[in-house]
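Structural features, examined
Given next are the chains, with one letter for each unit.
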Amino acid sequence: MASNNEFDWNQIVTKPVITRDEKEIGKVDGLEDREFVVKDGLIDPKFYRIPRDKMESYDEGKVRLALSQDQVKSQFERNSSGYYESKNVKSGRISNTTT
């Protein structure tokens, strides 16, 4: 998109995402600072963390990408949404102990 400064990114949450080759790859699940997360499926879902600058347009309730389905899958597919991942976390275990 040409001007990201005035665009309200919240309006794309839950909207379908369409690739340049007209394939629906899921719906917008959430927003990050520089990316939006697309979720495809309910059981064993696939996630795509797509940079905001790869969105070509938003019209008629659909997010349109400047990428093909193959490009999205090869460059941005993830095993999880990544919402809770932190670079400071060294172990996947969570401690419930208090001091």
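With that settled, consider the packing of aromatic side chains. Counting across every chain of the model gives three aromatic pairs. Relative to W9, the ring of F7 lies with its centre 4.9 Å away and its plane at 80 degrees, an arrangement referred to as edge-to-face. Owing to a relative accessible area of 15%, F7 belongs among the buried residues under this scheme. In textbook terms, an aromatic cluster arises when at least three aromatic residues are bridged by ring pairs, as seen for F7, W9, F36 and Y58.

Relative to strand β2 (residues 24-31), strand β1 (residues 16-18) runs antiparallel, the two being bridged by three bridges. The residue bridging I18 from the neighbouring strand is E24, located in β2. Bridge count between β2 and strand β3 (residues 35-40): four bridges; the pairing is antiparallel. From the neighbouring strand, V28 faces β3, where its bridge partner is V38. Joining the antiparallel neighbours β2 and β3 is a turn of three residues.

Where strand β5 (residues 55-59) and strand β6 (residues 62-65) come together, four bridges link them in antiparallel fashion. Residue Y58 lies in a different strand from β6, and its bridge partner there is V63. Adjacent in sequence and paired antiparallel, β5 and β6 are bridged by two residues, among which E60 carries a positive phi angle near 55 degrees.

Conventions adopted
- Residues numbered from 1 in each chain as written.
- Predicted model: local features only at pLDDT ≥ 70, side-chain atom pairs only at ≥ 80, totals over all residues.
- Heavy atoms only, no water.
- Phe/Tyr/Trp six-rings, centres within 6.5 Å; stacked < 30°, edge-to-face > 60°.
- Buried < 20%, exposed > 50% of the residue type's maximum accessible area, 1.4 Å probe, protein only.
- Pairing = 2+ DSSP bridges.
- Helix = DSSP H or I, 4+ residues; strand = E, 2+ residues; numbered from the N terminus.

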